[in-house]
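# Commentary on secondary and tertiary structure
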Amino acid sequence: MSPAGVVDLLVDGPWSHSLVAANGARFHVAECGAADDPLVLFLHGFPEFWWAWRHQLPVVASAGYRAVAMDLRGYGASDKTPRGYDPYTAAADVSGVIRSLGATDAVVVGHGWGGFIGWSAAVLAPRQIRGLAAVSAPHPLVLARAGRAKALSRTAWFQLPILPERRLLAQDGAHIEGLLRAWAAPDGTFPDAEASRRYRAALQVWPAPHCALEYHRWFARSRLRPDGRKYSSRMRTPIAVPVLQVHGAQDAAISPTATTPPHLVTAPLRYELVAPAGHFPHEETPELFNSLVVDWLSATSSLNAPPGSP
C-alpha cells in the first residue's frame, strides 16, 4: 500500500469537512449540527485522527449541539508544522479554532493526548472552555504516575531519534494496529478491520509520525526544563468549569484509578468508569459512552445557563 494522501482522510459521512485558520496554522475539522448551537469540540488522541469521533458527532449534534472534531496539529489533514507540539501552543490552537468557528467558547471532549490538551486549555485559555470531558486522560499533574509500565516504556522509547518514526511507517503501519490492540480491552472487537486500516493509513502521511511523537517528546523532555516546570506550576491553577473524567476499566495504557485531586477542580467533577472498555471507550463502547456524554452535556448546559433561564 502506498502512503495515503490527505484526501483519503476526509471520510464521507453525516458531517461536512472544512479548513479553519488558527494560531498560525490551518486545521481540518469535521462538523455536524447547526452553526448557532452550543459548540462541542472533540480532540483525538494518539495514534488516531478526527475520525475517532465518528460515533459521537451525529449523536451529539442530534442532542442539540454543534459537534466538531478537529485534527490536532501534525495529524490528519491539519498542517504539519516543524514546531508547536507543546501544551501552550496546543491550547492556543484549540482556543483559536473555537474563535475561528465563530464561537466564544466550547465544551471540549478530549481523548488521550487530546485530553491532555483539553486540561491544558482549561487553564491556559479558560475564557474559551465552557466544560471539559477528559477521556482516558488524567490531569497532567498526575499523568506521569498514571501510566502503565509498558506504556511508559514506549514513551521512553519514543524519545529516540528517527527509529520510532521508522517503526510507525514500517509494514504499512502494522505497529499502529499493535498499539491499538495492546491498549484496548483484550476481549473486545476494537480495532476492527476498517479502524485498523484508517489509523494505519493516517500515520503514513509524512511527517505525521514525527509530529505525533513530538507531543510525547515534549512531555518527557520538559520535566527537567524551565518550560516544563513553568507548565506544571500553571497547571496547579484550579479549573473552574465542570469536568467529566471517563476511564475504561481495562485500560492497558493509563491506570483507571488516576483520579483528579479535588483541589484542582472547583466546579462539579464527575468520574465514570466504563467496565467493558480499555483505552478507547468512545470507540469500544460507543453507545454507553454517548449516553454518558450527552447526559453530562445536558447537566453542564444547566450549570452554565444564565440566571432566570429555563
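Conventions adopted
- Residues numbered from 1 in each chain as written.
- Predicted model: local features only at pLDDT ≥ 70, side-chain atom pairs only at ≥ 80, totals over all residues.
- Heavy atoms only, no water.
- Helix = DSSP H or I, 4+ residues; strand = E, 2+ residues; numbered from the N terminus.
- Rg over C-alpha atoms; globule rule 2.2 N^0.38 Å.
- Buried < 20%, exposed > 50% of the residue type's maximum accessible area, 1.4 Å probe, protein only.
- Contact = heavy atoms within 4.5 Å.
- Areas by Shrake-Rupley, 256 points an atom, 1.4 Å probe, with all protein chains shown as cover.
- Pairing = 2+ DSSP bridges.
- Right-handed = clockwise from strand over helix to strand, strands pointing away.
- pLDDT = per-residue confidence, 0-100.
- Phe/Tyr/Trp six-rings, centres within 6.5 Å; stacked < 30°, edge-to-face > 60°.
- Lys NZ or Arg CZ within 6 Å of the ring centre and 35° of its normal.
- Core = buried A, V, L, I, M, F, W, Y, C linked by side-chain atoms within 4.5 Å.
- Axes fitted to C-alpha atoms, helices over the stretch in contact; angles between N-to-C directions.
- Expected span 1.5 Å × (residues − 1).
- Polar contact = N/O pair within 3.5 Å; in protein donor to acceptor, adjacent residues only side chain to side chain.

## Some details on the overall build of the protein chain
When you go through the protein chain residue by residue, the secondary structure sums to 12 helices and 8 strands. Whereas a compact globule of 310 residues would reach a radius of gyration of roughly 19 Å, the protein chain reaches 18 Å, a difference of no more than 12%. Considered along the principal axes of its C-alpha atoms, the protein chain spans approximately 60 × 45 × 40 Å. Out of the 310 residues in the protein chain, the part that is buried amounts to 58%. Counted over contacts in the protein chain with a minimum sequence separation of 6, partners at least 24 positions apart contribute 76%. When the accessible surface of the protein chain is totalled, it reaches about 12,500 Å², and 56% of it is carbon and sulfur.

## Structural notes on the pairing of strand E4 (residues 66-70)
Taking burial as the measure, the 5 residues of E4 include 5 buried ones, the bulk of the element. Burial along E4 is two-sided: the residues Arg-66, Val-68 and Met-70 and Ala-67 and Ala-69 are all buried. Two strands pair when backbone bridges link them, and strand E2 (residues 25-32) and E4 are joined in this way by 4 bridges, in the antiparallel orientation. Among the inter-strand pairings, Val-29 is bridged to a residue of E4, identified as Met-70. Note that strand E3 (residues 39-43) and E4 share 5 bridges and pair parallel. Within the sheet, the bridge partner assigned to Leu-41 lies in E4 and is Val-68. Viewed along the sheet, the connection from E3 through helix H1 (residues 57-62) into E4 turns out right-handed.

## What about unusual backbone geometry?
Note that the residue after Phe-46, namely Pro-47, is joined by a cis bond; omega there is 5°. Following the sequence through the fold, Pro-47 ends up in the loop between E3 and H1. Of note, the amide linkage connecting Phe-190 to Pro-191 takes the cis form, showing an omega dihedral of 0°. If you trace the backbone, Pro-191 turns up in the loop between helix H7 (174-183) and helix H8 (193-202). At Asn-23, a residue that is not glycine, the phi angle is positive and equals roughly 50°. Checked against the element boundaries, Asn-23 lands in the loop between strand E1 (16-22) and E2. Its identity is not glycine, yet Gln-171 carries a phi of approximately 50°, on the positive side. If you trace the backbone, Gln-171 turns up in the loop between helix H6 (163-169) and H7.

## Topic: the confidence of the model for the protein chain
When the pLDDT values of the protein chain are averaged, the result is 92; 94% of them are 70 or greater. Contacts for the low-pLDDT stretch residues 305-310, under 50 throughout, to residues beyond four places or in other chains number 0 contacts.

## Considering the packing of aromatic side chains
Overall, the coordinates contain 19 aromatic pairs when judged by the stated rule. With a centroid separation of 5.8 Å and an interplanar angle of 70°, the aromatic rings of Phe-46 and Phe-158 are classed as edge-to-face. Taken as a pair, Phe-46 in the loop between E3 and H1 and Phe-158 in the loop between helix H5 (149-157) and H6 lie far apart in primary sequence, 112 residues in all. Each member of the pair, Phe-46 as well as Phe-158, carries the same accessibility label: buried. Look at Trp-113 and Phe-116: their rings are 5.2 Å apart centre to centre, the planes differ by 75°, and that puts the pair in the edge-to-face class. Of the two residues, Trp-113 and Phe-116 are both situated in helix H3 (residues 113-124); the distance of 3 residues between them amounts to about one turn of the helix. Here Trp-113 matches Phe-116 in class, with each residue buried. A cation over an aromatic ring shows up here: Arg-54 above the ring of Trp-51, its NZ or CZ 3.6 Å from the ring centre. Here Arg-198 stacks its cationic end above the ring of Trp-51, 5.4 Å away from the centre of that ring.

## Comments concerning the nonpolar core
If you look at the biggest cluster of nonpolar residues, it comprises 97 residues, and the most contacted ones within it are Phe-46 and Leu-57. Apart from residues lying up to four places away in sequence, Phe-46 is in contact with Tyr-75, Trp-113, Phe-158, Leu-179, Trp-183, Leu-203, Ala-212, Leu-213, His-216 and Phe-280.

## A short note on the sheet that holds strand E8 (residues 269-274)
The strands making up a sheet associate through hydrogen bonds between their backbones, and the pairing can be parallel or antiparallel. Taken together, 8 strands build an open sheet; the order of strands is E1-E2-E4-E3-E5-E6-E7-E8 and the sheet is mixed. In this open sheet, the two edge strands, each paired with only one partner strand, are E1 and E8. Here the average twist between neighbouring strands, direction ignored, is 25°. With 4 bridges connecting them, strand E6 (residues 129-135) and strand E7 (residues 243-248) associate as parallel partners. Residue pairing for E7: Ala-133 is matched across the bridge by Leu-244. Those strands touched by helix H2 (residues 87-100) are E1, E2, E3, E4, strand E5 (106-111) and E6, and its axis lies near 115° from that of E1. Sheet strands in contact with H3 are E3, E5, E6 and E7, and its direction is about 145° off that of E5.

## Some thoughts on H2
An α-helical turn contains 3.6 residues, so a residue and the one three or four places further along point in the same direction. The end-to-end C-alpha distance of H2 is 19 Å, a good match for the 20 Å that 14 residues give at a rise of 1.5 Å each. The buried fraction of H2 is high, at 10 of 14 residues. Three or more residues of H2 are buried, namely Pro-87, Thr-89, Ala-90, Ala-91, Asp-93, Val-94, Ser-95, Gly-96, Val-97 and Ile-98. For H2, the N-terminal capping position is held by Asp-86, with its side-chain oxygen 3.1 Å away from the main-chain nitrogen of Tyr-88. Of the residues trailing H2, Gly-102 is marked for its positive phi of about 85°.

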